[in-house]
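In case you want the letters, here they are:
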Amino acid sequence: MSTYGSDPVITSYAEAPARSITAGDVTYAYRELGPKGGIPVIFFVHLAANLDNWDPRIIDPIAREHHVIAFDNRGLGASTGQVPDNVEAMADDAYTFIRALGFDKVDIFAFSLGGMVAQALVVKHPGLVRKLILTGTGAAGGKDIDKVAGVTYLDILRAALTRQDPKEFLFFNRNATGKPAARAFVKRLGERTVDRDTPVALRTLQTQLRAIKRWGRSAPADLSTITQPTLIANGDNDRMVPSVLSEDLHRRIVGSELVIYPDAGHGGIFQYHDTFAPVAVAFLDR
């Protein structure tokens, strides 16, 4: 925690207050930290995730100098309503949430499914977004995105059989580098001990997987309309959203920057948090 003026500013995600705001027929749960003023960074989370799924080693460095907001979209965690079965509707809900908070310009940090939602949002509302960080994600119509469900169910089963968190299988390589990184990541997710979020239900996961499959089988998007400065990152061995799709995004979004981490999977930014967080901060600061 640091002090800006007379008010203490929370810069630890583990201590960020739980808030909510109602827009239309949905009450959105969110957490807020960092100094207010300036353009906020809105965090778009991954498949089957709630507010407790963000790595504090990614959020905290950004929140030192930036107003950070992480939220549960419709039907996730403590937010009300039903989860949509398509990415575009998720983007509409995210837009509703951002506008309800009174923002007309934001930066977006998105991971995995969140990156798909962020792309749909920026294509539909280009004036809303100043800068875009897309991690572990792919464009509509991307190769093998429609196979995410199969990989996900397999790894949930593998995890259940070994009594481990499915993210250890889905996000990290199962080798001497990946296994300790996976355990450390899962441990960090437990650093917040009070006011934890509502767990995500199995039917919510199933609905989101249908949305991802639909995204993967839809017509390729025209990403030439994305003119915002964009930072793209992934590991070199992403089993969930193939790493080649990050390279595809980089080719199609003019002027974008690409970071690929070696010997890393879908959770490459979490495995390399000490390297990636400063890159993200520098990108937002430029």
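Residues numbered from 1 in each chain as written. Predicted model: local features only at pLDDT ≥ 70, side-chain atom pairs only at ≥ 80, totals over all residues. Heavy atoms only, no water.

Draft legend 1. Expanded view of the pattern of salt bridges. Under the defined criterion, the tally for this structure stands at 20 salt bridges. Its salt-bridge partner being aspartate 52, residue arginine 196 comes within 3.6 Å of it at the nearest N-O pair. In this pair, arginine 196 is assigned in the loop between α6 (178–189) and α7 (202–217) and aspartate 52 in the loop between β5 (41–44) and α1 (56–63), connecting sequence segments 144 residues apart. What makes arginine 196 partly exposed here is its relative accessible area of 39%. Between aspartate 248 and arginine 252 there is a salt bridge whose closest N-O contact spans 2.9 Å. In this pair, aspartate 248 and arginine 252 are both assigned in helix α8 (residues 244–252), four residues apart and thus about one turn of the helix distant. Here the residues in one salt-bridge network are Arg19, Glu32 and Lys36, joined through shared partners. (Salt bridge = Lys/Arg side-chain N within 4 Å of Asp/Glu carboxyl O. Helix = DSSP H or I, 4+ residues; strand = E, 2+ residues; numbered from the N terminus. Buried < 20%, exposed > 50% of the residue type's maximum accessible area, 1.4 Å probe, protein only.)

Draft legend 2. Here's a closer look at the layout of surface pockets. A volume near 410 Å³ is recorded for the largest pocket. Residue lining of the largest pocket: 20 residues in total, with Leu47, Ala48, Asp165, Pro166 and Lys167 positioned closest to the centre. The element that contributes the greatest number of residues to the lining of the largest pocket is helix α5 (residues 166–170), accounting for three residues. Classifying every residue of the lining of the largest pocket gives 12 nonpolar, six polar and two charged. One number sums up the size of the second largest pocket: a volume of about 200 Å³. Lining the second largest pocket are 13 residues, with Gly75, Gly81, Val83, Arg203 and Thr204 positioned closest to its centre. Looking at the lining of the second largest pocket residue by residue, the classes come out as five nonpolar, seven polar and one charged. (1 Å grid on protein atoms, 1.4 Å probe; cavity = no way out; pocket = protein on both sides within 12 Å on 5 of 7 lines; lining within 4 Å. Points joined across faces, edges and corners; volume = space filled by probe spheres on them. Nonpolar A, V, L, I, M, F, W, Y, C, P; charged D, E, K, R; others polar.)

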